[in-house]
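# Inside the fold
Each chain, letter by letter, is given below.
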Amino acid sequence: MNTSGHAAADVRDDSTGLRLAPFRGLRYVPERVGSLAAVTSPPYDVVVRPDGLLHLESADPHNIVRLILPQALTAGTRHRKAAVTLDRWLADGVLAPDPVPALYVYEQRGDGILQRGIIGALELSAPEAGVVLPHEDVMPHVVEDRADLMRTTAANLEPLLLTYVGEEGGADAVIERAAEREPLLSTTTEDGFCHRLWAVTDPDEQAAVAADLGRHQALIADGHHRWATYLRLREEHVAPGPWNRGLVLLVDTARYPLRVRAIHRLLNRLPVADALAAVEGSFRVRRLDGPLPAALEALAAAAAGGNAFLLAGDGAFHLLDRPDPALLDRAIRTDRPEAWRTLDATVLHSALLEHVWHVPDAPEDIAYIHDTEAAVAQAERRGGTAVLMHPVREEVVRDLARQGVTMPRKSTSFGPKPATGLVLRSLALD
């Protein structure tokens, strides 16, 4: 755990910072489900493979994936199915609201990581206000889908992950005191992570958190599409009310640094051979016959000196680096900061996808996959190309966000991400 970063806190006037409110959390009733671990899920956009979805659905008939990724032939039917399921689980006592509004301290421990943060209902604000900083573009069709689901269920089914740079005391002190008490719940998911949750119901402690967070801004680490969804639904409900807030987890990364990983691209309709033929002369290309870990090490070494990508899908790995400066000059817009122009994601989307490979930015052509092995396996199975990326440093992400510059969509994956299903927010209870 790193506590040396508190001097770098981004302190704001307390009238323009984060406004986090308690809420009556909806939680699973342990006696009504097989286990808490069996009803949780990763965030909806991490559950990308059909076998992963089926695994979660079969883990327990009440797994949260039946709400966040309901299955039916049409979007409208899917979302109505989720709303009906949520109502039935509430009526049957599978889910129940906590008796009083609370903030929730959430802890994840595993894989050498200890992370703690606080879950609450955050007042929404536009990007120009500089309170919550997005750093990635979003895909309109995903926002539309999430908005329809949220609108139909009238619920925030999973928290966004936001980070801030805190100070000693204040919210941190409340979090650490809560972690010394007996938790509301404790469970270990199949990835080996232990999850614990505490309710903060004391008005003085809630006030201390509010006063501290009110002096800070936050970076969206995970959940840009859900944040855009919150903002869209707020526009639909002009009067003040529950739609003016959204469920978030706030983590002080001065105290609990997150890991930043890359999100890989799967080009469904571009075979590796065609990708390599098209890129000849634009990048240096080297074939790597070693295992995936060795290929990723080579990618990291190449990325230290500039833009680099690893192509997979034909049983080997192909390292692309040293892009032609003339290509970059032609392809990349000049009205952005140098840090944006030199991002791997910028070079990939502006130069390779658009100018070299002519791959449309459409769901049927490009899939975004967090898991490296899954990206390679799917590319080999589909005859496509996996483009494996190297992660961006968090300080680059934060600096660009503060300048109001968004990165290409799905540029980063911060983690560990909160497990979905530990606490939900029903807008009907606010």
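Residues numbered from 1 in each chain as written. Predicted model: local features only at pLDDT ≥ 70, side-chain atom pairs only at ≥ 80, totals over all residues. Heavy atoms only, no water.

Let us now look at the pattern of salt bridges. It is possible for side chains bearing opposite charge to pair when their charged atoms get close. The full count for this structure, using the stated rule, is 27 salt bridges. Residue Arg 226 is joined to Glu 158 by a salt bridge in which the shortest nitrogen-to-oxygen separation is 3.9 Å. Here Arg 226 is found in helix α8 (residues 224-236), whereas its partner Glu 158 is found in the loop between β7 (155-156) and β8 (160-164), with 68 residues between them in sequence. Among the ionic contacts, a cluster of salt bridges with common partners joins Glu 107, Arg 109, Arg 116, Glu 176, Arg 196 and Arg 255. (Salt bridge = Lys/Arg side-chain N within 4 Å of Asp/Glu carboxyl O. Helix = DSSP H or I, 4+ residues; strand = E, 2+ residues; numbered from the N terminus.)

This part is about the nonpolar core. Counting 115 residues, the largest nonpolar core has Leu 250 and Trp 357 as its most contacted members. With seven residues, the single largest contributor to this core is helix α13 (residues 344-356). Trp 357 has contacts with Leu 267, Leu 270, Ala 275, Ala 278, Val 279, Leu 311, Leu 320, Leu 348, Leu 352 and Val 387, leaving out every residue within four places of it along the chain. In this structure, Leu 266, Ala 303, Ile 369 and Ala 374 belong to the second largest nonpolar core, which totals 19 residues. (Core = buried A, V, L, I, M, F, W, Y, C linked by side-chain atoms within 4.5 Å. Buried < 20%, exposed > 50% of the residue type's maximum accessible area, 1.4 Å probe, protein only. Contact = heavy atoms within 4.5 Å.)

The next thing to look at is the sheet that holds strand β2 (residues 25-28). With antiparallel pairing, four strands are arranged side by side in an open sheet as β3-β2-β21-β7. The sheet terminates laterally at β3 (95-97) and β7, the two strands that pair on one side only. Across the face of the sheet, helix α4 (residues 75-91) comes into contact with β2, β3 and β7 while running at roughly 75° to β3. (Pairing = 2+ DSSP bridges. Axes fitted to C-alpha atoms, helices over the stretch in contact; angles between N-to-C directions.)

Our focus in this paragraph is the sheet that holds strand β19 (residues 385-388). Strand order in the open sheet formed by six strands is β15-β17-β16-β19-β14-β18, with antiparallel pairing between adjacent strands. A single partner strand is all that each edge strand has here, and the edge strands are β15 (284-288) and β18 (366-369). Across the sheet, the axes of successive neighbouring strands diverge by a mean angle of 25°, strand direction being ignored. Here β15 runs beside strand β17 (residues 317-321); their pairing, made up of five bridges, is antiparallel. If you follow Arg 287 over to β17, its bridge partner there is His 318. Taken strand by strand, helix α9 (residues 272-279) contacts β15, β16 (308-312), β17 and β19, and its axis lies near 25° from that of β17. Packing against the sheet, helix α14 (residues 372-382) makes contact with β14 (264-267), β16, β17, β18 and β19, and its axis sits at approximately 160° to β19.

Further remarks concern the packing of aromatic side chains. Within the structure shown, the criterion is met by four aromatic pairs. Summarising the aromatic geometry, the rings of Phe 283 and Phe 309 are spaced 6.2 Å apart at their centres and angled 65° between planes, so their arrangement reads as edge-to-face. Taken together, the residues span a long stretch of sequence, with Phe 283 in the loop between α9 and β15 and Phe 309 in strand β16 at a distance of 26 residues. Comparing Phe 283 with Phe 309, the two get one shared label, buried. The side chain of Arg 146 reaches across the aromatic face of Tyr 44, ending 4.1 Å from its centre. (Phe/Tyr/Trp six-rings, centres within 6.5 Å; stacked < 30°, edge-to-face > 60°. Lys NZ or Arg CZ within 6 Å of the ring centre and 35° of its normal.)

On to helix α15 (residues 394-402). Along α15, the residues that are buried comprise Glu 394, Val 396, Val 397, Arg 398, Leu 400 and Ala 401. On its buried face, α15 is in contact with β6 (132-133), β8, β11 (218-222), β13 (259-261), α12 (338-341) and β20 (413-415). One or two residues past the end of α15 sits Gly 404, with phi positive at roughly 75°.

Right, let's get into the pairing of β17. Counting buried positions along β17 yields five of five residues, so the element is predominantly enclosed. Residues Phe 317, Leu 319 and Asp 321 point to one face of β17 and His 318 and Leu 320 to the other, with burial holding for every one of them. As defined by bridge partners, β16 adjoins β17 across five bridges and the pair is classed as antiparallel. Note on β17: the bridge partner recorded for Leu 310 is Leu 319. Counting the residues that bridge the hairpin from β16 to β17 gives four residues, and of these Gly 313 lies at a positive phi of roughly 140°.

Time to look at the layout of surface pockets. By volume, the largest pocket is sized at about 1,400 Å³. For the lining of the largest pocket, the secondary structure elements donating two or more residues are α1 (36-39), α2 (50-59), β13, α10 (292-303), α14 and β20. Residue contributions to the lining of the largest pocket peak at four residues, all from α2. Split into classes, the residues belonging to the lining of the largest pocket amount to 23 nonpolar, 14 polar and nine charged. (1 Å grid on protein atoms, 1.4 Å probe; cavity = no way out; pocket = protein on both sides within 12 Å on 5 of 7 lines; lining within 4 Å. Points joined across faces, edges and corners; volume = space filled by probe spheres on them. Nonpolar A, V, L, I, M, F, W, Y, C, P; charged D, E, K, R; others polar.)

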